[in-house]
Structures are given as structure tokens and as C-alpha cells.
Amino acid sequence: MGIEEEIKRIEEELKNTPYNKATQKHIGRLKAKLAKLREQAQSRGGGGGKGYAVKKSGDATAAFVGFPSVGKSTLLNKLTNANSEVGAYAFTTLTIVPGVLNYKGAKIQLLDAPGIIVGASSGKGRGTEVLSAVRSADLILLTVDIYTLDHLPVLEKELYNVGIRLDQKPPDVKIKVKERGGINVSSTVPLTHIDEDTVEAILNEYRIHNADVVIREDITLEQFIDVVSGNRVYIPSLVVVNKIDLADEDYLKYIKQKLEEFGKDYILVSGNKNINLDLLKEKIYEKLGFIKIYLKPQGKKPDFDEPLIMRKGSTVKDVCEKLHKDFVKNFRYAQVWGKSAKHPGQRVGLDHRLEDEDILTIVIKR
């Protein structure tokens, strides 16, 4: 039996197996098997992804992902200096086209990915390559037009199948593999979706027979499989609904209602008519969670004119790496003024977490 047939067989079995205490362990094993098979299918169907290697640049990367002909190329061209081919027919973009959006001092790399189709995560339409290329993005722009809202759950599913978890955080679970002693599970919260037997069954499916597992939140089966797989990426998303110039007021009300039900952050735009494009820039900037850091050379005033643009949660080490590769190697200490400092000019190390509008001095070995 081929991988695709085996995936379908397990999906069918899962559909027909009621979920309860008695079947939980069996379902856990099946879902772990399914996750492994999907990874195999992607590595075979991806064709190496050579056509879609994109070097990350700028302060962050956001990728337009959607079916063909929803207007991704038009939006990219309007927001950046890119020149992505635009045509009113499917599959105009045959490679990933990058462009740069300059906004509020941030350089945001935008990617226009080729349109994906149902089954993309299994390699259809070179979909595995497209989806693999957007795994390194910092924001996924789920792009549909006003007549294709039903694509949204399909896009989410295709991204999910290649290990992209939208708008989630990594589960708080630690697995320490050891040489002997079996599986030991401890949790700091009551577990309502998964039990120790199921944890053990999933680990055994991944050929882990000796490990200490610490679970600090009430996770699901799927979340535990994600942790064991170890290759999931957690990316925020924004739904971009294009071509709103083609809809009347009543239809727009209907669209907004459907989007509220979908429960994602969204924005309505028109690439052709330039409607809400400034608002889209602002939304992208917001979702990427930028902070401004003002650099202050030793003995001099801070540079308030050209702040360094970083992401929320960045450390002094992240700043050093962005400035120059030798800064980490030659680092002595840093001083911080602002929200993250306990007192003005606090001396800190590389792991100090910075906040918006902090002033930072980095002292290196001469």
C-alpha cells in the first residue's frame, strides 16, 4: 500500500472511531502514525523545493498564501517595489516573488506565493514546495476574495498538514529522552484530553521508550504529537479579503458576519481600487509585533532619529546579532534605560529581554 492510500485508510478509520476513554489510546496511536506518514509524503512530494528558496531579508517576513487568482500579485505590487506578474487567469505566479514594504521605519519582506490547490500539502500542484517556503515567514496572510471565503478552512487545513500552526503558541511540554527507566509522565495541571497510556502509545509510535515527560498545560492529543514531532512552526495570521469593490453593502455585511464566525483577525481590501491598503500596511505592522530600540553609543546621546526595529520578545543578544556578527563574540555588557530596566542605565547581559522604546548601550571588548 502506498503512502497516500495508507493516509486515506487511517483518516477513514479515525472518522469512524468514536472518541472516548476506551478508544483514546488507539486514536492517539493512529494520529501519530498519520502525522509521520504526512511528513513522509511531503518529503517525497516536495521535489526538494528548489524553485522556491527565498532568502529572508528585512526586519520580518509576511507571506500571501491563497488559491490562484485572488489578487495576491496585485496586492504585492501595490504594497511594495516588487514586480509580480498579474493576470486574470489561474497560476500566473510560478515562483515566489519577494518585495519590500517600507513602513514606520520597518523593512518588511512580503512574499507572493504561487496559488495553492486542495491537496497542496500532499504535493499536488507543487504545493509542498510552496507551503515549505512559507514555513519561515513571521506572518501568514491568508488571502481570499469576496467570493471565495470557503477557501479559508481549506487553506488552514493545508497549512496544518505541513506543520504550520496558525495563531497558536508551542505547548508547554518538556520531553527528556533517557537510556532506561521507561516512560514517566508528570503534569502540573489536570489533563482532560490525554492520559498517560496515550502519551506512552504516541511516544512508542515515534520509537521513544524511555523518557521523562513534564506537561504544564491541558494539551490535546494533537498538541502532544506536535511536541514529539519537533518540527512544527507557530505563526500568527491575518485574513486578507480582496476585491471588495465588487460587492454591494448587503453582501459586505454578510461577508463580515461569516468572517466573525471564522474567528480570525481580518481586513477587507481592494488591490485594484486601492481600498484600505494603508490600513493593510498598519495591520501587517501590528501583527508582526515590532518594537523600537534606540541605540546610545558610550558617552554619547541616543539616536532617536533612526531606531533599530526589532520584534517583541527580542533580547540584547538578538540586537547584537542584527548589528554585527562579532558583537556577540566580543560582548562585555550592555546598559538599558526604559521599560525593561529596573533602574536607569541598568547593566544587563545578552539574555535581557527588551521592550518598546528602550535605550540601549552595548559595550564590547576592544
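Below is a short write-up of the structure. (Residues numbered from 1 in each chain as written. Predicted model: local features only at pLDDT ≥ 70, side-chain atom pairs only at ≥ 80, totals over all residues. Heavy atoms only, no water.)

The next thing to look at is the environment of Ile-140. Within the secondary structure, Ile-140 sits in strand S4 (residues 139-145). Between the C-alpha atom of Ile-140 and that of Val-65, which follows or precedes it by 75 residues, the distance is 6.8 Å. If we skip the residues at most four places from it in the chain, Ile-140 touches Ala-63, Val-65, Val-134, Leu-159, Leu-166, Ile-235, Pro-236, Ser-237 and Leu-238. (Helix = DSSP H or I, 4+ residues; strand = E, 2+ residues; numbered from the N terminus. Contact = heavy atoms within 4.5 Å.)

With that settled, consider the pattern of salt bridges. Tallied over the full model, the rule gives 21 salt bridges. Notably, a salt bridge pairs Lys-264 with Asp-167, separated by 2.7 Å at the nearest N-O pair. Pair noted here: Lys-264 is in the loop between helix H8 (249-262) and strand S11 (266-268) and Asp-167 is in the loop between strand S5 (164-166) and strand S6 (173-177), with a separation of 97 residues, a long-range link. With relative accessibility at 15%, the residue Lys-264 sits in the buried group. In this structure, the salt-bridge partner of Lys-178 is Asp-212, at a minimum N-O distance of 2.8 Å. Of the two residues, Lys-178 is situated in the loop between S6 and strand S7 (183-187) and Asp-212 in strand S8 (residues 211-215); the sequence distance between them amounts to 34 residues. On the basis of relative accessible area, Lys-178 is assigned to the partly exposed category, the value being 25%. Salt bridges linked by common partners bring Glu-39, Arg-165, Asp-226 and Arg-232 together as one network. (Salt bridge = Lys/Arg side-chain N within 4 Å of Asp/Glu carboxyl O. Buried < 20%, exposed > 50% of the residue type's maximum accessible area, 1.4 Å probe, protein only.)

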